[in-house]
Amino acid sequence: KAGVTQTPRYLIKTRGQQVTLSCSPISGHRSVSWYQQTPGQGLQFLFEYFSETQRNKGNFPGRFSGRQFSNSRSEMNVSTLELGDSALYLCASSLLSQGQETQYFGPGTRLLVL
Amino acid sequence: AQSVAQPEDQVNVAEGNPLTVKCTYSVSGNPYLFWYVQYPNRGLQFLLKYITGDNLVKGSYGFEAEFNKSQTSFHLKKPSALVSDSALYFCAVREFGSGNTGKLIFGQGTTLQVKP
């Protein structure tokens, strides 16, 4: 079974621009979560989607948004990029959205904001 | 609030020796605990998890972890370290409660360096 895929793998943007990242979960998985990884803050939860509905949201400004499609693929969008948004963005999927389930991570999208 | 702490930024061990990467947690109820490993320029790979049952959990690549409720710890162990085990290790706890079933809370990570 193919793993979680994320596109693009690398991205360079300038301040003020917006960016859209894509995540395709493992086939059959309906839950997708997004995390931001930075050297200073570590791994922080952004949001989780299940069956096209946002179930949970982390403490990020409204510039960060996401959505999930009927095929469970998910996108996250960051508008008005800031230098501090430079990070590795990780997507994870699980079959459902239950506490004991394992989340499987994709390789990430590395975003650099100049 | 639920939290995870990895008290060591880096652990150094010689190849062939046993290794331990420490993790302590704070939750309001019963925890779901996870260990992940991250190699350079890669995503996180799942190693093992504790949900319930036996306190000793066995996982991938020869790793195991011991759940200790009284000490609120979930240390990762391996009897004999390999150079290829060198990577960044994350402990995580699943936050649960109304509307919080998916969110993982991660520790800051521990870099494991295995020297030949």
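Everything below is about the structure printed above this text.
Residues numbered from 1 in each chain as written. Chains lettered and ligands numbered in written order. Predicted model: local features only at pLDDT ≥ 70, side-chain atom pairs only at ≥ 80, totals over all residues. Heavy atoms only, no water.

Moving on: the pairing of strand β5 (residues 42-50) of chain A. Residues and elements named next belong to chain A. Here β5 lies mainly inside the structure; eight of its nine residues are buried. Inspection of the sheet shows strand β4 (residues 31-38) paired to β5 by eight bridges, in the antiparallel sense. Pairing of S33 across the sheet is with E48, part of β5. Hairpin connection of β4 to β5: three residues between the antiparallel strands. Bridge count for β5 against strand β6 (residues 53-57) is four bridges, and the pairing is antiparallel. Among the inter-strand pairings, F50 is bridged to a residue of β6, identified as T53. Count of turn residues in the β5/β6 antiparallel hairpin: two residues, of which S51 carries a positive phi of about 50°. (Buried < 20%, exposed > 50% of the residue type's maximum accessible area, 1.4 Å probe, protein only. Helix = DSSP H or I, 4+ residues; strand = E, 2+ residues; numbered from the N terminus. Pairing = 2+ DSSP bridges.)

Cis geometry is found at the peptide bond from A:T7 to A:P8, where omega equals -10°. Its location among the elements puts A:P8 in the loop between β1 (5-7) and β2 (10-13). At A:T80, a position not held by glycine, the phi torsion is positive, near 45°. Locating A:T80 in the fold gives a position in the loop between β8 (74-78) and β9 (87-94). Not every positive phi belongs to a glycine, and B:T72 is a case in point at roughly 45°.

Okay, empty space enclosed by the protein next. Enumeration according to the criterion identifies one cavity of 30 Å³ or more in this entry. Volume-wise, the largest cavity comes out at about 40 Å³. Taken together, A:R9, A:Y10, A:L88, A:P107, A:G108, A:R110, B:N41 and B:R42 make up the lining of the largest cavity. Class assignment for the residues of the lining of the largest cavity results in three nonpolar, two polar and three charged. (1 Å grid on protein atoms, 1.4 Å probe; cavity = no way out; pocket = protein on both sides within 12 Å on 5 of 7 lines; lining within 4 Å. Points joined across faces, edges and corners; volume = space filled by probe spheres on them. Nonpolar A, V, L, I, M, F, W, Y, C, P; charged D, E, K, R; others polar.)

Residues and elements named next belong to chain A. Following the criterion strictly, the structure yields seven salt bridges over all chains and no others. In this structure, the salt-bridge partner of R67 is E75, at a minimum N-O distance of 3.2 Å. We classify R67 as partly exposed; its relative accessible area is 46%. Taking the shortest distance from any N to any O, the salt bridge between R73 and E75 comes out at 3.3 Å. Looking at E75, the relative accessible area reads 15%, which means it is buried. Salt bridges linked by common partners bring R63, E82 and D85 together as one network. (Salt bridge = Lys/Arg side-chain N within 4 Å of Asp/Glu carboxyl O.)

Bear in mind that shape data such as this cannot, by itself, settle questions of function.
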